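# Results of the structural survey
Here are the chains, one letter per residue:
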Amino acid sequence: MHEYPITQQIIKIAEEHCRKNDGNKVVKVHLVIGDYSGYVGSSVQMYFDVISEGTLCEGAEVIIKHIKPKLRCDSCGELFEKKLLSFECPKCGGQGGPTDIGKEFYIDSIEIE
């Protein structure tokens, strides 16, 4: 449910971008959503379709790039995806620690007509 207000903001930002660049309508909105961001891409898409009705974003395509979370090895610095029940680095066998990779949530680009 917390995707609703963030989707309202996405539409507001896209409309402002469209107006500032003398566009007629928003054609595509490219989002980057990390798997650990706390936002569900399919929910953002659903709300976008509903909320955008009657706006410059109506009918726009939402393209979502999902980012998998990664750990950083404490020993060698390697970035890697965590395997089930393991924090072991595939390169050196050291232990991986959390990073911010996978927590992203932002508008990458907006295409207008």
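Residues numbered from 1 in each chain as written. Predicted model: local features only at pLDDT ≥ 70, side-chain atom pairs only at ≥ 80, totals over all residues. Heavy atoms only, no water.

### Examining the overall build of the protein
Cut-off, in case you're wondering: Working definition: helices are DSSP H or I runs of at least four residues, strands are E runs of at least two. Numbering for both runs from the N terminus. The quantity called the radius of gyration is restricted to C-alpha atoms. Its globule counterpart is 2.2 Å times the number of residues to the power 0.38. Burial classes: relative accessible area under 20% of the type maximum marks a residue as buried, over 50% as exposed, and values in between as partly exposed (1.4 Å probe, protein chains only). Contacts are assigned to residue pairs with any non-hydrogen atoms lying within 4.5 Å of each other. Working definition of accessibility: Shrake-Rupley area with a 1.4 Å probe, residue cover restricted to the visible protein chains. Note on charges: Lys and Arg go in the positive column, Asp and Glu in the negative column, and His and the chain ends are not counted at all. For this purpose, a charge sits on NZ of Lys, CZ of Arg, CG of Asp or CD of Glu.
Scanning the protein from N- to C-terminus turns up two helices and six strands. Moving toward the C terminus, one meets the helices and strands of the protein in the order α-β-α-β-β-β-β-β. On C-alpha atoms alone, the protein measures out to a radius of gyration of 18 Å, which is more than a quarter above the 13 Å that the 2.2 N^0.38 rule sets for 113 residues. The 113 residues of the protein split such that 33% are buried. A fraction of 68% describes how many contacts in the protein between residues 6 or more apart in sequence connect residues 24 or more apart. When the accessible surface of the protein is summed, it comes to about 7100 Å², and 50% of that surface belongs to carbon and sulfur atoms. Charged side chains in the protein number 13 positive and 18 negative. The centres of these two groups are separated by 6 Å.

### Regarding the side chain of Ser-37
Convention followed: We define a polar contact as two N or O atoms separated by no more than 3.5 Å, with the added condition that, inside protein, one atom must be a possible hydrogen donor and the other a possible acceptor, whereas residues neighbouring each other in sequence contribute only through side-chain atom pairs.
Looking at where Ser-37 falls in the secondary structure, it is placed in the loop between β1 (26-34) and α2 (41-51). A relative accessible area of 17% places Ser-37 in the buried class. A polar atom in the side chain of Ser-37 sits 2.9 Å from the backbone oxygen of Gly-34. At 3.1 Å, the side chain of Ser-37 forms a polar contact with the backbone nitrogen of Tyr-39. Ser-37 has contacts with Gly-102, Lys-103, Glu-104 and Phe-105, leaving out every residue within four places of it along the chain.

### Brief notes about the environment of Gly-41
Structurally, the position occupied by Gly-41 is in helix α2. Residue classification places Gly-41 among the buried positions, given a relative accessible area of 8%. Counting along the chain gives 21 residues from Gly-41 to Val-62, while the straight-line C-alpha distance between them is 9.5 Å. Sequence-distant contacts of Gly-41, that is, excluding residues within four places in its chain, are made with Ile-33, Ile-64 and His-66.

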